[in-house]
Amino acid sequence: MRLSIVLSMQPTSFSALAYKGQLEKNIAKIKNLGYDGVELAVRDPNLVNLEKISKIIDEYGLTVPAIGTGQAYREEGLSFTDPDTSIREKSIQRIKDQINFASHFQAIVIIGLIRGKVQRDVDRNQAMKWFELALIKCMDLADKKGVKLVIEPINRYETDLVNTVVECLELINKIGNENIGLLFDTFHANIEEVSIEESIRKASNSLFHFHVADSNRWAPGYGHLDFGKIINVLKEIEYGSFLSAEILPLPDPESCVQNNIRHLRRWL
Ligand code: LER
Ligand code: MN
């Protein structure tokens, strides 16, 4: 298992980010601390200088395991389940742009908050149908580009569409494409799952990516989750990809980024 950390490429209101902006400076720090990768949170890939970022990432010998896409929902209100057709179309196009962007890094594209929420006067089944349809449209391009997508179960306080691993696996099975899988996030799982370890086992066949944060969304070691147990289950199911830290910059950005790696390495 390798370690990465989320870095936002554009200003955002999302708080669970140790580092935002100052790309070269932060990428150098991430590398020097011993991380293997950097997960990029991108609002709109058309506003990113691909050549520049690729060059920096290559220079520091880092991998980009995944691209986060939720800022398009937070900052622009784009969602797969908006009752307005043009917004749904725009959000599908945005994820297609993300798939093209991700293909340059062989990175996974994350489907998190871009799914939206069930809006007033919208039937829940209708919202789920829009969600599925959007995924199917995106998978066409993902298959062509050889890019994988992951759906992230997100806790009930952020969305009411797909909160748990079981709901997420149902949706993945419905789509029935080997390039779509699950992103497990320990912060959300701590709120929604009966047992974090059992849920990881359930997800094992579709587990493509993994977000780590402690119970309070601080770095692992600052809350009450048992990362020894979590990592042992990941070893048991032979998860071989990244543990990506999506953590609050507390008590300060430097300590959390250093202590995340120190804490997790005890069991890796
Ligand atoms: C994104 O990976 C995530 O975990 C969400 O909480 C974003 O709001
Ligand atoms: Mn997450």
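Keep in mind that this is a model prediction, so the values were computed, not measured. Numbers given for residues are sequential positions, taken from 1 along each chain in its written order. Each chain takes a letter, starting from A, and each ligand takes a number, starting from 1, following the order in which they are written. Totals for whole chains, interfaces and linings use every residue, but because this is a predicted model, local features are given only for residues with pLDDT of at least 70 and side-chain atom pairs only at 80 or more, for both listing and counting. Side-chain metrics rest on all non-hydrogen atoms present in the structure, leaving aside hydrogens and water.

**Student:** Mind showing me how you'd approach the overall build of the chain here?
**Tutor:** Across its full length, the chain carries 10 helices and 9 strands. We compute the radius of gyration from the C-alpha atoms alone; for a globule the expected value is 2.2 Å times N to the 0.38, where N is the number of residues. Taken over C-alpha atoms, the radius of gyration comes to 17 Å for the chain, in line with the 18 Å a tight globule of 268 residues would show. Overall, the chain is about 45 × 45 × 30 Å in size when its C-alpha atoms are taken along their principal axes. Throughout, a residue-residue contact means that at least one pair of heavy atoms, one from each residue, lies within 4.5 Å. Put simply, 79% of the contacts in the chain that link residues at least 6 apart link residues at least 24 apart. For the purposes of this entry, the term helix denotes a DSSP run of H or I that reaches at least four residues, the term strand denotes a run of E that reaches at least two, and both are numbered from the N terminus.

**Student:** What is the right way to read the pairing of strand S3 (residues 37–41) from this model?
**Tutor:** In the case of a regular strand, side chains alternate between the two sheet surfaces. For S3, the buried fraction is high: 5 of the 5 residues fall into the buried class. Only protein chains enter the accessibility calculation, which uses a 1.4 Å probe; a residue is then buried when its area is under 20% of its type maximum, exposed when over 50%, and partly exposed in between. Of the two faces of S3, the one holding Gly37, Glu39 and Ala41 and the one holding Val38 and Leu40 are both buried throughout. Pairing geometry for strand S1 (residues 2–8) and S3, over 5 bridges, is parallel. The residue bridging Ile5 from the neighbouring strand is Val38, located in S3. What makes two strands pair is DSSP finding at least two bridges between them. The sheet contact formed by S3 and strand S4 (residues 66–68) spans 2 bridges and is parallel. Across the sheet, the residue bridging to Leu40 is Ile67, located in S4.

**Student:** Help me understand the coordination of the manganese ion (ligand 2) in this model?
**Tutor:** Where a metal carries four tetrahedral donors, each ideal angle is 109.5 degrees; where it carries six octahedral donors, the ideal angles are 90 or 180 degrees. For the manganese ion (ligand 2), the full set of protein donor atoms is Glu152 (OE), Asp185 (OD), His211 (ND1) and Glu246 (OE), at a range of 2.1 to 2.3 Å. Only nitrogen, oxygen and sulfur atoms count as donors, using a 2.8 Å cut-off from the metal that widens to 3.2 Å for Na, K and Ca. Water is left out, so coordination shells may look unfilled. Any coordination sphere not matching a tetrahedral pattern (four donors, all angles between 85 and 135 degrees) or a square planar or octahedral pattern (four or six donors, opposite donors over 155 degrees apart, other angles between 65 and 115) is reported as irregular. Metal-centred angles of 71 to 177° between the 6 donor atoms at the manganese ion (ligand 2) mark the site as octahedral. One chain supplies every donor for the manganese ion (ligand 2), spaced along it as E-x32-D-x25-H-x34-E. One end of the pair, Asp185, is in strand S7 (residues 180–185); the other, Glu246, is in the loop between strand S9 (242–245) and helix H10 (253–265), and 61 residues separate them in sequence. Looking at Asp185, the relative accessible area reads 3%, which means it is buried. The class of Glu246 is buried, set by a relative accessible area of 9%.

**Student:** Would you mind showing me how to read the site of ligand 1 here?
**Tutor:** Near ligand 1 the following residues occur: Phe14, Arg74, Leu113, Glu152, Glu158, Asp185, His188, His211, Arg217 and Glu246. N or O atoms within 3.5 Å of each other form a polar contact, as long as, within protein, one can give a hydrogen and the other can take it, and as long as residues adjacent in sequence are counted only when both atoms are side-chain atoms. The side chain of His188 places a nitrogen or oxygen atom 2.7 Å from an oxygen atom of ligand 1. In this structure, His211 approaches ligand 1 through a side-chain N or O atom, which is 3.3 Å from an oxygen atom. All accessible areas in this document rest on Shrake-Rupley with a 1.4 Å probe, and a residue is counted as covered only by the protein chains that are shown. Contact with the protein chains hides 91% of the accessible area of ligand 1, taken as 260 Å² for the molecule alone. A class-by-class count of the residues in the shell around ligand 1 yields 2 nonpolar, 2 polar and 6 charged. One heavy atom suffices: a residue is near a molecule or strand as soon as one of its heavy atoms comes within 4 Å of it. Ten residue types, Ala, Val, Leu, Ile, Met, Phe, Trp, Tyr, Cys and Pro, are classed as nonpolar, four, Asp, Glu, Lys and Arg, as charged, and the remainder, Gly among them, as polar.

**Student:** Help me out: how do you make sense of unusual backbone geometry in this one?
**Tutor:** With the exception of glycine, the majority of residues adopt a negative phi angle, and the majority of peptide bonds are in the trans configuration. Here the amide bond leading from Leu250 into Pro251 is cis, since omega sits at 0°, within 30 degrees of zero. Among the structural elements, Pro251 can be located in the loop between S9 and H10. With phi around 50°, Gln106 is a residue other than glycine that occupies positive phi space. With respect to the helices and strands, the residue Gln106 is situated in the loop between helix H4 (85–103) and strand S5 (108–111). Residue class for Gln106 comes out exposed when judged on its relative accessible area of 75%. Of note, Asp121 is a non-glycine position whose phi angle comes to about 65°, a positive value. Within the secondary structure, Asp121 sits in the loop between S5 and helix H5 (124–145).

**Student:** Where do I start with helix H6 (residues 165–175) in this structure?
**Tutor:** One full turn of an α-helix is made of 3.6 residues, so residues set three or four places apart face in the same direction. Val165, Cys168, Leu169, Leu171, Ile172 and Ile175 are the residues of H6 that are buried. Down the axis of H6, the buried set is contained in an arc of 160°. They therefore lie on one face. Those residues of H6 that are exposed and aimed more than 90 degrees away from the buried face are Glu170, Asn173 and Lys174. A positive backbone phi angle near 60° is found at Gly176, which sits one or two residues after H6. In this description, one arc is meant: the one made by directions from the helix axis to the C-beta atoms.

**Student:** Explain helix H8 (residues 196–203) to me, please; I cannot follow it from the model alone.
**Tutor:** Of the positions making up H8, those classed as buried are Ile196, Glu197, Ser199, Ile200 and Ala203. The arc that holds the buried residues of H8, viewed along the axis, is 165°, so those residues lie on one side. Packing partners of the buried residues in H8 comprise H6, S7, helix H7 (186–192), strand S8 (207–212) and helix H9 (227–236).

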